[in-house]
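Fold and geometry: a report
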Amino acid sequence: MLLLAFAITVSSNFDGGSIGKVEQPAPAHLRCAVEGQTDQAGRNRQANWYYFRVDGAKGVPLTIDLVNLPGEYNFIPNRGAVQKDTIPHYSFDQITWHPVEQTEFDAAEPRMRIKITPTSNKLWIAHTPPYTVVELKRMFARHKLKPEIIGKSVEGRDLYLLTIGKGPKVIWLMSRQHSWESFTSWAAEGFIDHLLSPAGAKLREQATFKIIPIADPDGMAHGGVRFNRHGFDLNRNWDVTDEAKMPEITAQRKAIFQWLDSGKPIDLFLSLHNTETAEYIDGSQAAKDLVARVYDLLVKNTKFAPTRPPQIEPLKVDTGRMNVVQGLQRDRQIRAMLMEQRITFNPKLGRIPTVEDRKAFGAQLAETLVAALGL
Ligand SMILES: [Zn+2]
């Protein structure tokens, strides 16, 4: 019976799941390598998406170490995106997520140690509350949404585009260019929920909202980090045209350009992102004044807690390094912006953001973008 009590298993073979090699140095001690992902040239390794299930550990005081964290960002080596303040989240039902109460970070290895005694035989651990196709389809069903399919990913998954509202101004929202950034999907869901609620009726009259809810569906399914299945960063290759290697960018660009070529405007474009500890909104040259207005309104009316003021994205970058904001500025002078929000402690919230916080922010974001357009 004792043996049975310690028949602990770890798995990640479900939507969005990811973990690397797992060792068990002691019956209640798991050492889990974070899988990480590198780009098409084997560079820029980022190891900050883990989402796995621990079975059979009810009542066992577990020690779970997350290791193999060091990587590179924009070709500069680092000690890893998982740091002291990036508190892992846990769940017993894959629906309600909480920050782990007891963690110890060892910067020397580096290693994130979780101490937890599960009250259930199933325990899920993730970097941030996951948002997979399960949550996406649940949201579509709740609103009876029938999204347009604008193309297919490398592995043939649908690339969705939603159109909500019929107002004259056009706001184009993009989420989840980087698959680890699950909080952006929760914000996008809050944005969509608000637009389709009675409170969103006025916004739907004022503006038309075009929304790409998941820019990298393959990454979301596989528990990827920031590259598509061929290793291309979907927010770095907007100066490259390669339908075979980056069908996602090709389809997204085509949908945007077809809209413009049919004589319709895009008054504001925004791509949502997450970082570990930084929070800001940057814009294209064309969006200089607009991004300042959005920034001021977000600071005043929401829990957006910037770590620096807005900057203008430069247009001179190396080949394959142009993000969506830069690409849309270069090709069509679109007033485009990119927002980063931290996943760690937010001083205005007074806590690590929750799913509900991100959804509430999404609702406020919809109001803010419309207000920034002077409506
Ligand atoms: Zn990102």
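Fair warning: this is a prediction, and the values are worked out from it, not measured in the lab.

What counts, and where the lines are drawn
Residues numbered from 1 in each chain as written. Predicted model: local features only at pLDDT ≥ 70, side-chain atom pairs only at ≥ 80, totals over all residues. Heavy atoms only, no water. Pairing = 2+ DSSP bridges. Helix = DSSP H or I, 4+ residues; strand = E, 2+ residues; numbered from the N terminus. Axes fitted to C-alpha atoms, helices over the stretch in contact; angles between N-to-C directions. Contact = heavy atoms within 4.5 Å. Buried < 20%, exposed > 50% of the residue type's maximum accessible area, 1.4 Å probe, protein only. Donors = N, O, S within 2.8 Å, 3.2 Å for Na, K, Ca; no water. Tetrahedral: all angles 85-135°; square planar, octahedral: opposite > 155°, others 65-115°. Expected span 1.5 Å × (residues − 1). Phe/Tyr/Trp six-rings, centres within 6.5 Å; stacked < 30°, edge-to-face > 60°. Lys NZ or Arg CZ within 6 Å of the ring centre and 35° of its normal. Polar contact = N/O pair within 3.5 Å; in protein donor to acceptor, adjacent residues only side chain to side chain. Domains from an automatic or database assignment. Buried area = accessible area lost by both parts, 1.4 Å probe. Salt bridge = Lys/Arg side-chain N within 4 Å of Asp/Glu carboxyl O. Nonpolar A, V, L, I, M, F, W, Y, C, P; charged D, E, K, R; others polar.

Pairing is mixed in the open sheet, where seven strands are placed in the order β13-β14-β16-β15-β17-β19-β18. The sheet is open, and its two borders are formed by β13 (148-152) and β18 (280-283), each paired with just one other strand. Across the sheet, the mean angle from the axis of one strand to that of its neighbour is 20 degrees, orientation sign disregarded. By the bridge criterion, seven bridges tie strand β17 (residues 268-275) to strand β19 (residues 336-342) in an arrangement that is parallel. Looking at β19, one finds that N274 is bridged to Q341. Across the face of the sheet, helix α3 (residues 182-195) comes into contact with β14 (158-164), β15 (169-175), β16 (207-212) and β17 while running at roughly 140 degrees to β17.

All right, on to the pairing of strand β5 (residues 62-67) then. Counting buried positions along β5 gives six out of six residues, so the element sits mostly inside the fold. Neither face of β5 is left uncovered, since the one carrying L62, I64 and L66 and the one carrying T63, D65 and V67 both have all their residues buried. Here strand β3 (residues 29-33) runs beside β5; their pairing, made up of five bridges, is parallel. Bridge pairing in β5 links A33 to V67. Sheet topology places β5 next to strand β11 (residues 111-116); five bridges connect them, and they run antiparallel. The residue bridging D65 from the neighbouring strand is R113, located in β11.

Taken together, H178 (ND1), E181 (OE), E181 (OE) and H273 (ND1) make up the protein donors of the zinc ion, found 2.0 to 2.6 Å from the metal. In this structure, the zinc ion is coordinated by four donor atoms arranged in irregular fashion, with angles at the metal of 55 to 136 degrees. All donors of the zinc ion come from a single chain, and their spacing in sequence reads H-x2-E-x91-H. In this pair, E181 is assigned in the loop between β15 and α3 and H273 in strand β17, connecting sequence segments 92 residues apart. In this pair, the class of E181 matches that of H273, namely buried.

For the rest of this paragraph, the subject is the sheet that holds strand β9 (residues 98-99). Strands sit in the order β1-β4-β12-β8-β9 across an open sheet of five strands; the sheet is antiparallel. Every interior strand has two partners, whereas the edge strands, β1 (9-11) and β9, have only one. Judged from the three bridges that link them, strand β8 (residues 89-91) and strand β12 (residues 122-126) form a sheet pairing that is antiparallel. In the strand pairing of β12, Y90 is matched with I125.

Our next topic: the pairing of β17. Strand residues, when the strand is regular, have side chains that alternate between the two faces of the sheet. For β17, the tally of buried residues reaches eight of eight residues, placing the bulk of the element in the interior. On β17, burial covers both faces: L268, L270, L272 and N274 on one face and F269, S271, H273 and T275 on the other are all buried. Sheet topology places β15 next to β17; five bridges connect them, and they run parallel. Across the sheet, the residue bridging to L173 is L270, located in β17.

The next point concerns helix α6 (residues 247-261). Between its terminal C-alpha atoms α6 stretches 20 Å, which fits the 21 Å expected from 15 residues at 1.5 Å a residue. Counting buried residues in α6 gives 12 out of 15 residues, a clear majority hidden from the surface. Taken residue by residue, α6 has P247, E248, I249, T250, A251, Q252, R253, A255, I256, F257, W259 and L260 as its buried positions. At the exit of α6 stands G263, carrying a positive phi of roughly 90 degrees.

Attention now moves to the packing of aromatic side chains. All told, the structure shown has 10 aromatic pairs when counted by the stated rule. Between Y51 and W97, the aromatic rings sit 5.8 Å apart at their centres with planes inclined by 70 degrees, giving edge-to-face as the arrangement. Taken as a pair, Y51 in strand β4 (residues 51-55) and W97 in the loop between β8 and β9 lie far apart in primary sequence, 46 residues in all. Judged by relative accessible area, which is 12%, W97 ranks as buried. Centre to centre, the rings of W172 and W259 are 6.4 Å apart; their planes meet at 75 degrees, and the pair counts as edge-to-face. Within this pair, whereas W172 is found in strand β15, its partner W259 is found in helix α6, the two being separated by 87 residues in sequence. Each member of the pair, W172 as well as W259, carries the same accessibility label: buried. What links up through ring pairs into an aromatic cluster is the set F14, W49, Y51 and W97. Over the ring of F257 we find R332; its NZ or CZ atom is 4.2 Å from the centre of that ring.

Further remarks concern the side chain of S91. Among the secondary structure elements, S91 is positioned in strand β8. Among the residues examined, S91 registers a relative accessible area of 0% and is labelled buried. Within polar-contact distance, the side chain of S91 engages the backbone nitrogen of Q94 at 2.8 Å. Sequence-distant contacts of S91, defined by excluding residues within four places in its chain, comprise T96, W97, K122, L123 and W124.

What follows covers the domain arrangement of the protein. Examined at the domain level, the protein breaks down into domain 1 (2-126) and domain 2 (133-372). Between the C-alpha centres of domain 1 and domain 2 there is a distance of 28 Å. Contacts between domain 1 and domain 2 engage 25 residues on the former and 25 residues on the latter. Carbon and sulfur atoms supply 55% of the area that domain 1 and domain 2 bury against each other, a total of about 2,000 Å² over both sides. When residues of domain 1 are sorted by the area they lose upon contact with domain 2, Q37, Q40 and W49 head the list and together hold 29% of the total. Across the domain 1-domain 2 interface, the total number found is zero salt bridges. Inspection of the domain 1/domain 2 interface yields nine residue pairs in polar contact (both at pLDDT 80 or more). Grouping the constituent residues of the side of domain 1 that touches domain 2 by class yields seven nonpolar, 14 polar and four charged.

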